[in-house]
Amino acid sequence: MNTPEHLRIFARPERHGLRAAAGALYIEDVALTTIAARFGTPTYVYGAGHVLAQLEALRAALVGQPTLVCYAVKANSNQAILRTLARAGAGADIVSLGELQRALAAGFAPGVIVFSGVGKLDAEIDAAISARIKAIHVESQEEVAQVIARARALGQPARVALRVNPDIDPVTHPYLATGLRESKFGIAMAEALTIAQAVIAAPELELVGIACHIGSQIVDAGPFLAALGRLREVIRAVSAAGARLTYVDLGGGLGIPYASEEATVDVPAFGAALAAAMAGTGLELLLEPGRFLVGNAGALLTRVVGRKVGEDRCFVIVDAAMNDLIRPALYDAYHAIVPCVAPPAEASAALVDVVGPVCECGDFFARGRTMVVPERGELLAILGAGAYGMSMASTYNSRPLAAEVLVAGDQAAVIRRRQTIEALMADERMPPWLR
Ligand code: LLP
């Protein structure tokens, strides 16, 4: 049987944004057991230091190439995370009015915010133009007409970038590939010049960039370089047509290790390759990482509520569920799960399914995992949960949203209090005939 994963994670915890000391796991200087004791479970806990270190690693890799790292707010939109990144000089990539308001409230300057998304509403475009964000990333001829109309109505010009679909296979989960011909995103390569000409001809608009986003959880520079190659074709054509571009945006998608043995991106090599491929363009490079910045900064802490011994495996039932972290159910995603205190060395491992209490077979965090069967009441950490964990959470089964805690050094603070059942029901109303 395989060795239990906690042995590898306790040996190299920093890969998952953690630290190990005296057989216990820490986020920075705070033990995970302390977080659970103070704030209860299930709780998301994030380390600010890891977020900042990831941002710095990316910037350092691109030194010499003017770069703006625009954090993809959807990955984790808690305002404390946003402010941490805004203060460190990151920009923001937003996809809705809600994300625009969060980004502005958290302290991002409008000039470092870009607006992606495939179906923008008039009200969202109005807010983006009024706030004077860096650019709206348009996705179609129709959307160009929509932005022109809104700019005219507001009497204010709008900066736009074209999001093209470079038709590149990012080699990832099919739900996470967004830059393929068949995906709904972006402008087809063949149409890019025509649409650019419409933008250039419109006095209300200024064409400032060319963008793409090819997918997520990509651990190799190859697909990014291929996409940049295609974008450079568009840049040449569009510049010849009279556009004065200022930036090229390669989107997000940089992957992270979820399993203890998984490869990591060679960030310095990635940066050097991108910088080389940008040489001579004279353009600023934008990147829109979400997961890379916050994914391994976060863990979901959960307590074992019970165990059940099945025919060929043991079910470990925990107090977190698919409503808190839907990635395993939705993408069959792998998240490492470890005890927050190392079990005794002689403890034997078994095949375990870690499941939540929700009434769905899809409510699992791990299936057929080799681990030391935890005791009832024991604290587990589900790793790699900083991205697309809380931001995709729901209240399914009327389970209140979990608490979120941010750690910086030896400080830990609640950045979202645990939802109350009253708050969960607060927006519901009885129609008159049922009162
Ligand atoms: N930029 C755009 C335009 C995007 O659509 C996305 C993600 C990103 C940037 C950031 O991608 P990242 O660097 O985080 O991979 N819920 C899925 C991921 C969906 C990503 C959607 N778009 C998951 O849990 O894996």
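These lines cover the structure that appears in this document, whether it is placed above or below. (Residues numbered from 1 in each chain as written. Predicted model: local features only at pLDDT ≥ 70, side-chain atom pairs only at ≥ 80, totals over all residues. Heavy atoms only, no water.)

Turning our eyes to something else, we now look at the pairing of strand β19 (residues 379–382). For a regular strand, side-chain orientation follows a simple rule: the groups alternate between the two sheet faces. Side chains Leu379 and Ala381 project from β19 onto one buried face, and the interleaved Leu380 and Ile382 project onto a second face that is buried too. In the sheet, strand β14 (residues 298–309) pairs with β19 via four bridges, with the strands oriented antiparallel. Within β19, the residue paired with Arg303 across the bridge is Leu379. Relative to β19, strand β16 (residues 337–339) runs antiparallel, the two sharing three bridges. Each bridged residue has a counterpart across the sheet, and for Pro339 the counterpart in β19 is Leu380. (Buried < 20%, exposed > 50% of the residue type's maximum accessible area, 1.4 Å probe, protein only. Helix = DSSP H or I, 4+ residues; strand = E, 2+ residues; numbered from the N terminus. Pairing = 2+ DSSP bridges.)

With an omega of -10°, the peptide bond running from Thr41 to Pro42 counts as cis. Within the secondary structure layout, Pro42 lies in the loop between α2 (32–39) and β4 (43–47). For Glu28, which is not glycine, the phi dihedral falls at a positive 50°. Inspection of the secondary structure puts Glu28 in the loop between β2 (24–27) and β3 (30–31). For Asp167, which is not glycine, the phi dihedral falls at a positive 55°. With respect to the helices and strands, Asp167 occurs in the loop between β9 (158–165) and β10 (187–188). A residue is classified by how much of its surface remains accessible, and Asp167, at 24% relative accessible area, is partly exposed.

The next subject is the layout of surface pockets. Space inside the largest pocket adds up to approximately 560 Å³. Together, 27 residues line the largest pocket, and Lys74, Thr178, His213, Ser216 and Tyr388 are the ones closest to its centre. Taken together, the residues of the lining of the largest pocket sort by class into twelve nonpolar, eight polar and seven charged. Three or more residues apiece are contributed to the lining of the largest pocket by two domains, here domain 1 (5–47 + 295–425) and domain 2 (48–292). (1 Å grid on protein atoms, 1.4 Å probe; cavity = no way out; pocket = protein on both sides within 12 Å on 5 of 7 lines; lining within 4 Å. Points joined across faces, edges and corners; volume = space filled by probe spheres on them. Nonpolar A, V, L, I, M, F, W, Y, C, P; charged D, E, K, R; others polar. Domains from an automatic or database assignment.)

Here the focus is the pattern of salt bridges. Enumeration according to the criterion identifies 15 salt bridges in this entry. Residues participating in the shared-partner salt-bridge network are Asp312, Arg313 and Asp353. (Salt bridge = Lys/Arg side-chain N within 4 Å of Asp/Glu carboxyl O.)

Another point: the packing of helix α8 (residues 189–201) against helix α9 (residues 221–240). At a minimum axis distance of 10 Å, the contact between α8 and α9 shows a crossing angle of 35°. Once α8 is placed against α9, the crossing between them reads as right-handed. Here α8 contributes Met189, Ala192, Leu193, Ala196 and Ile200 to the contact with α9, which in turn contributes Arg230, Glu233, Val234, Ala237 and Val238. Partitioned by chemical class, the residues of the contact of α8 with α9 number eight nonpolar, no polar and two charged. (Axes fitted to C-alpha atoms, helices over the stretch in contact; angles between N-to-C directions. Left-handed = near helix turned anticlockwise from the far one by under 90°. Contact = heavy atoms within 4.5 Å.)

Moving on: the sheet that holds β3. With respect to topology, three strands assemble into an open sheet ordered β1-β2-β3, the strand pairing being antiparallel. Each edge of the open sheet carries a strand with a single partner, namely β1 (19–21) and β3. Relative to β3, β2 runs antiparallel, the two sharing two bridges. Bridging across to β3, Tyr26 finds its partner in Ala31.

Right, let's talk about empty space enclosed by the protein for a bit. The full count for this structure, using the stated rule, is two cavities of 30 Å³ or more. In terms of lining, the largest cavity is formed by Phe224, Gly251, Gly252, Gly253, Leu254, Phe270, Leu287, Glu288 and Pro289. A volume near 30 Å³ is recorded for the second largest cavity. Secondary-structure elements contributing two or more residues to the lining of the second largest cavity are β16 and β18 (364–372). Residue contributions to the lining of the second largest cavity peak at three residues, all from β16.

Turning our attention to a nonpolar patch on the surface. On the surface, a cluster of nonpolar side chains totalling about 420 Å² of accessible area is made up of Met430, Trp433 and Leu434. Checked against the element boundaries, Trp433 lands in the segment after α13 (421–425). (Patch = residues over 30% accessible without salt bridge, like charges linked within 9 Å, V, L, I, M, F, W, Y side chains within 5 Å. Areas by Shrake-Rupley, 256 points an atom, 1.4 Å probe, with all protein chains shown as cover.)

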